[in-house]
Amino acid sequence: MTEPFKHYQLSSKKWNRELYNTLEDGTLFVGIDINHAYLRTAYLKGYIGKRVYEKLMDPKYKGVRNKALACLNTYKKIYEYEEGVIVSQYEEGDASLAAAYLEIRTVTYKLMDDIAALVGPELFLKYHTDCLYVLPAAAGVVQAEIEKANYGWKINECGKMRGEMFYDGDEIKDF
């Protein structure tokens, strides 16, 4: 990290259950997923270079992209024993790498939270990690904000089904 960042206490998930509960089964909405959100944030923040970013964009690395970034936050707990009793414990790890991972997550969740607030409670349904679920009338605003932040996106048709469930493309999910 070259400069401090503002850390926001944000969750990777946010729901608007009040609006969702008013929707009839079969109501259509959209899921707009930010492409490679954590990796793109790492690149935009300068934690990884263009060559590494482009290499990791290869679909064969999909399984390791986020795992590799999550490893930045890894601390190892060390316990020291004397005669079977713990006499000290501490963590080993690089605090600057953990701070970088925290910034990547914070920037990503702040983008999601800001878009949810912009869309408003009458059109926003949910976000989960890097996918926003909104009523179709908000799709253009969401896409424009994602592009303005220099990210790409993909969109899936979704629909409410059986109360607390919905389909997202070919997946069935709990709301």
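Just so you know, these numbers come straight off a predicted model, no measurement behind them. Sequence order as written defines residue numbering, which begins from 1 separately in each chain. Local features in a predicted model are, by the rule used here, given only for residues with pLDDT of at least 70; side-chain atom pairs are given and counted only at 80 or more, and totals for whole chains, interfaces and linings are based on all residues. Side-chain metrics in this entry use all non-hydrogen atoms of the structure; hydrogen atoms and water are not considered.

Trainee: What should I look at first to understand the pattern of salt bridges in this one?
Mentor: Where charged atoms from two side chains of opposite charge come close, those side chains can pair. In the sections that follow, a salt bridge refers to a side-chain nitrogen of Lys or Arg positioned within 4 Å of a carboxyl oxygen of Asp or Glu. Enumeration according to the criterion identifies 8 salt bridges in this entry. For R17, the salt bridge goes to E164, with nearest N and O atoms at 3.4 Å. Of this pair, R17 sits in helix 1 (residues 17-22) while E164 sits in the loop between strand 7 (153-161) and strand 8 (165-168), and the two are 147 residues apart along the sequence. Owing to a relative accessible area of 37%, R17 belongs among the partly exposed residues under this scheme. In this structure, K154 engages D33 in a salt bridge whose closest nitrogen and oxygen atoms are separated by 3.1 Å. Pair noted here: K154 is in strand 7 and D33 is in strand 2 (residues 28-34), with a separation of 121 residues, a long-range link. The way it works is that DSSP assigns letters per residue, a run of H or I at least four long becomes a helix, a run of E at least two long becomes a strand, and they are numbered from the N terminus. Throughout, exposure labels follow a simple rule: accessible area from a 1.4 Å probe, protein chains only, divided by the maximum for the residue type, with under 20% read as buried, over 50% as exposed, and the rest as partly exposed.

Trainee: Can you walk me through unusual backbone geometry in this structure?
Mentor: Note: most peptide bonds trans; most residues except glycine with negative phi. With phi around 50°, H36 is a residue other than glycine that occupies positive phi space. When its relative accessible area of 28% is taken as the criterion, H36 is described as partly exposed. Unusually for a residue other than glycine, R162 sits at a positive phi of about 45°. Here R162 shows up in the loop between strand 7 and strand 8. Under the relative-accessibility criterion, R162 is labelled exposed at 56%.

It is worth stressing that arrangement in space is one thing and function is another; only the former is reported here.
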